[in-house]
Structure formats: structure tokens, C-alpha cells
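# Inside the fold
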Amino acid sequence: MSQYIERYQRRKLISSYFSVVLSIALVLFLLGVLGLLVLNTKKLADHFKEQITISVFLKDNAKPVEIDQLQKSLALAEYTKSAEYISKEDAAEQYSEDIGENFVEFLGYNPLKNSIDVHLKADFVSPEQIAEIADDLATKTYVDEVSYDKPLISLLNDNARKISLWILVASAVFTAIAVLLINSSIRLSIYSKRFIIKTMQMVGATKTFIRRPFIWANIKLGMIGAAVALASLSILIYYINKNFPELNLLQDYLVLIFLFVGVFGLGVVISWASTHFATQRFLNLRTDDLYY
């Protein structure tokens, strides 16, 4: 009979530890994902900004030396990420593929113009700066037109600011939820041992002595939960980097180290604080109150 009770208590203890570890791991994983978003918000915004293109259309009488000089000067400009020359023939071929028919044969001539597509660096993608760049390029005598999507640029900048704000708000809310969930899980595990805590106190053990084993046990559980969360987060980062290599998530080692250390440290700190206050609560209760 005693062996059965011992096995039952051991299974109950293991189940309690497992639920605490699982709760900590899930909550810290979600916090890690949010942290990854927060730390890479600018990079994500920059990635979309650098897809913006300024198309510089050239006049038909533009000389090859002028085109070559313009392309080189654009490639070396501080605001340029890349500059690509597209001939009217290549543009017609691409457009024909897009619409599914050869419009040049239908019209009898090629109405398109030679152009240079300029991809800007993210820091220069704003309505004011792009307008200034476009006005400067339009002053050249061999440039026919400078075209870019003005509404898209304004929308992109506005949405980038809004998304950054909401990610920060969501991170703050989820951090608070994480603290409450981990705290609840640890308090439930300590609640089952409230009579042991009170018995130790009644035989003369100090509060520090009583708290110490509970704190160390739950810190270990917090470390295990954090390790599980970081392993899952590593798999997620690897998957994102594999499918979206342009984000270069694995190149920012300092950011990843900061994120991993932060998640691990948060698991330890929350586990310690929750255990400390939970045990303190039961230490301060009267014996009669332990039954409620």
C-alpha cells in the first residue's frame, strides 16, 4: 500500500513539474516570437521599402555615353541600393510575357522607352526625399520622365509606423500575460505543498530556509522551460531564414544572442519572483486558512 501511495505521489509530482515546464515554455516561446518581431521591425520595414523603384525613362535621342554616365552616377549615389538599365526591347519582351501577347507586332512599333530602374536604400524612402531625387533627375535634358508610386510610398511609411507601435503594445501586453501565467502555474504547484511549508515553519525553520528549496526547484523548471522555448524558437528562426533569406536573420548574431539571453533570463527571473512571493504568502497564512 505504501509503495502504491509513493508511486502515486511521484506521478503527481512529475505531472506537476511537467505542467509548470510546459506553461513556461509556451509563454516564453510566444514572448521570443514577439521579441524577434520587435528587434527586426526596422529590418522588415526596410526590406519592403527597398522594393520601391524609381523608373527613369530616357529620351530616344539620349546618347549611349550619357546613359552609361547616368547609370554609373546613380549606382554610386548615396541613396541608391542598385541601378539597372533596361532597354526598350527587354521591356517590351517582359511586358509581352505579362499580358500574354506580342503587342509590338500588333502596334507595328515599340512605344516603350529605355529606362534605368533605381532601387533606393530604406533610409531615403520617404515622400519628401524621393520627390527631391526625382526632381533632380528630371532636370537632365536626356531624361524624358521620372516615375514612381507616390501613394504606395506614403502608405508604406504610415503602415510601418503603425505596425511598430502595435508590436510594442502587443509585446507589453503579452509580457504581462506571461508573468501572470507563469506565476499562476508556480503558485498552483506550491499550493499543493502548503501544509509542508507550514509544518516546517511550525518546527522552527526560518522563512529563508523554507523558501530556498522551492526557489531552486522552480528556477530549474524555469531554465528547462526556457531551454525548450529557445529550441523551438531556433527552429522557427531557421525556417524563416530558409524561406525568406533576404531578411538575413542569422547574420545578426548580437541580436539573436540578446534575444536568447533575454528569454532565458526572463524565465529564471519570473520563476524566482513567483516562487518567492507564493511561498511568502503561505508562510504568512494562519494554519486555519490553509484549508480554504
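So, how was this worked out
- Residues numbered from 1 in each chain as written.
- Predicted model: local features only at pLDDT ≥ 70, side-chain atom pairs only at ≥ 80, totals over all residues.
- Heavy atoms only, no water.
- UniProt positions renumbered as here; feature names shortened; annotations may be inferred.
- Helix = DSSP H or I, 4+ residues; strand = E, 2+ residues; numbered from the N terminus.
- Buried < 20%, exposed > 50% of the residue type's maximum accessible area, 1.4 Å probe, protein only.
- Contact = heavy atoms within 4.5 Å.
- Areas by Shrake-Rupley, 256 points an atom, 1.4 Å probe, with all protein chains shown as cover.
- Pairing = 2+ DSSP bridges.
- Core = buried A, V, L, I, M, F, W, Y, C linked by side-chain atoms within 4.5 Å.
- Salt bridge = Lys/Arg side-chain N within 4 Å of Asp/Glu carboxyl O.
- Patch = residues over 30% accessible without salt bridge, like charges linked within 9 Å, V, L, I, M, F, W, Y side chains within 5 Å.
- Polar contact = N/O pair within 3.5 Å; in protein donor to acceptor, adjacent residues only side chain to side chain.
- Phe/Tyr/Trp six-rings, centres within 6.5 Å; stacked < 30°, edge-to-face > 60°.
- Axes fitted to C-alpha atoms, helices over the stretch in contact; angles between N-to-C directions.
- Parallel < 35°, antiparallel > 145°, perpendicular 65-115°, else oblique.
- Left-handed = near helix turned anticlockwise from the far one by under 90°.
- Nonpolar A, V, L, I, M, F, W, Y, C, P; charged D, E, K, R; others polar.

By the naming in an unreviewed UniProt entry, the chain is Cell division protein FtsX, taken from Flagellimonas olearia. For the chain, the Sequence similarities (unreviewed entry) comment in UniProt is given as "Belongs to the ABC-4 integral membrane protein family. FtsX subfamily." If you open the UniProt record of the chain and go to Function (unreviewed entry), you find "Required for cell division and gliding motility."

Bringing the overall build of the chain into the picture now. Looking only at helices and strands, the chain has ten helices and four strands in total. Counted from the first residue to the last, the chain has its helices and strands arranged as α-α-β-α-β-α-α-β-α-β-α-α-α-α. Out of the 292 residues in the chain, the part that is buried amounts to 36%. Partitioning the intrachain contacts of the chain with sequence separation of at least 6 by distance along the chain shows that 82% fall at a separation of at least 24. A total accessible area of about 18100 Å² is found for the chain, and carbon and sulfur atoms account for 63% of it.

The next point concerns the side chain of Ser126. In this fold, Ser126 is placed in the loop between β3 (115-120) and α6 (127-138). Look at Ser126 and you get buried, because its relative accessible area is 14%. Not counting residues within four places of it along the chain, the set of residues in contact with Ser126 comprises Ile153 and Asn157.

Looking now at the pairing of strand β1 (residues 53-58). Here five bridges tie β1 to β3, and the two strands are oriented antiparallel to one another. Within the sheet, the bridge partner assigned to Ser55 lies in β3 and is Asp117. Two strands pair when backbone bridges link them, and β1 and strand β4 (residues 143-147) are joined in this way by four bridges, in the antiparallel orientation. Bridging across to β4, Ser55 finds its partner in Ser147.

Right, let's get into the nonpolar core. Judged by nonpolar contacts, the single largest core of 28 residues is most densely connected at Leu28, Ile182, Ile190, Ile197 and Ile237. Among the elements of the structure, α1 (2-39), α7 (150-191), α9 (207-243) and α10 (253-284) are those that each provide at least two residues to this core. Tallying contributions element by element places α9 first for this core, with eight residues. Ile197 has contacts with Ile190, Ile210, Phe214, Thr279, Phe282 and Leu283, leaving out every residue within four places of it along the chain. If you look at the next biggest cluster of nonpolar residues, it comprises 26 residues, including Val56, Leu58, Ala83 and Ile116.

With that settled, the discussion passes to the pattern of salt bridges. Inspection of every chain in the model, using the stated rule, returns two salt bridges. Residues Lys72 and Asp68 are paired through a salt bridge, measuring 3.3 Å at the closest nitrogen-oxygen approach. Taken as a pair, Lys72 and Asp68 lie in helix α3 (residues 64-76) at a separation of four residues, close to a single helical turn.

What follows covers a nonpolar patch on the surface. Together, Leu30, Leu165, Trp166, Val169, Val173, Phe174, Ile177 and Leu181 line one region of the surface with nonpolar side chains, adding up to about 750 Å² of accessible area. At seven residues, α7 tops the list of elements feeding residues into the nonpolar patch. Secondary-structure assignment places Leu30 in helix α1. Under the relative-accessibility criterion, Leu30 is labelled partly exposed at 44%.

The next thing to look at is the side chain of Thr80. With respect to the helices, strands and loops of the structure, Thr80 is situated in strand β2 (residues 80-86). The exposure class assigned to Thr80 is buried, which follows from its relative accessible area of 4%. Within the structure, Thr80 has its side chain in polar contact with the backbone oxygen of Leu74 (distance 2.6 Å). Ignoring any residue separated from it by four or fewer positions in sequence, one finds Thr80 in contact with Leu74, Ala75, Val118, His119 and Lys121.

Across all of its chains, the model carries one aromatic pair by this definition. Judged by centre distance (6.3 Å) and plane angle (65 degrees), the rings of Tyr79 and Phe124 are edge-to-face. You can see Tyr79 sitting in the loop between α3 and β2 and its partner Phe124 sitting in the loop between β3 and α6, a full 45 residues away along the chain. Phe124 matches Tyr79 in its accessibility class, with the two residues each being buried.

Another point: the packing of helix α8 (residues 194-202) against α9. As a packed pair, α8 and α9 sit with axes 9 Å apart at the nearest point and diverge in direction by 150 degrees. The angle between α8 and α9 falls in the class roughly antiparallel. The way α8 lies across α9 gives a crossing that is right-handed. Together, Ile197, Met200 and Gln201 of α8 and Lys207, Phe209, Ile210 and Phe214 of α9 make up the contact between the two elements. Considering only residue class, the contact of α8 with α9 consists of five nonpolar, one polar and one charged.

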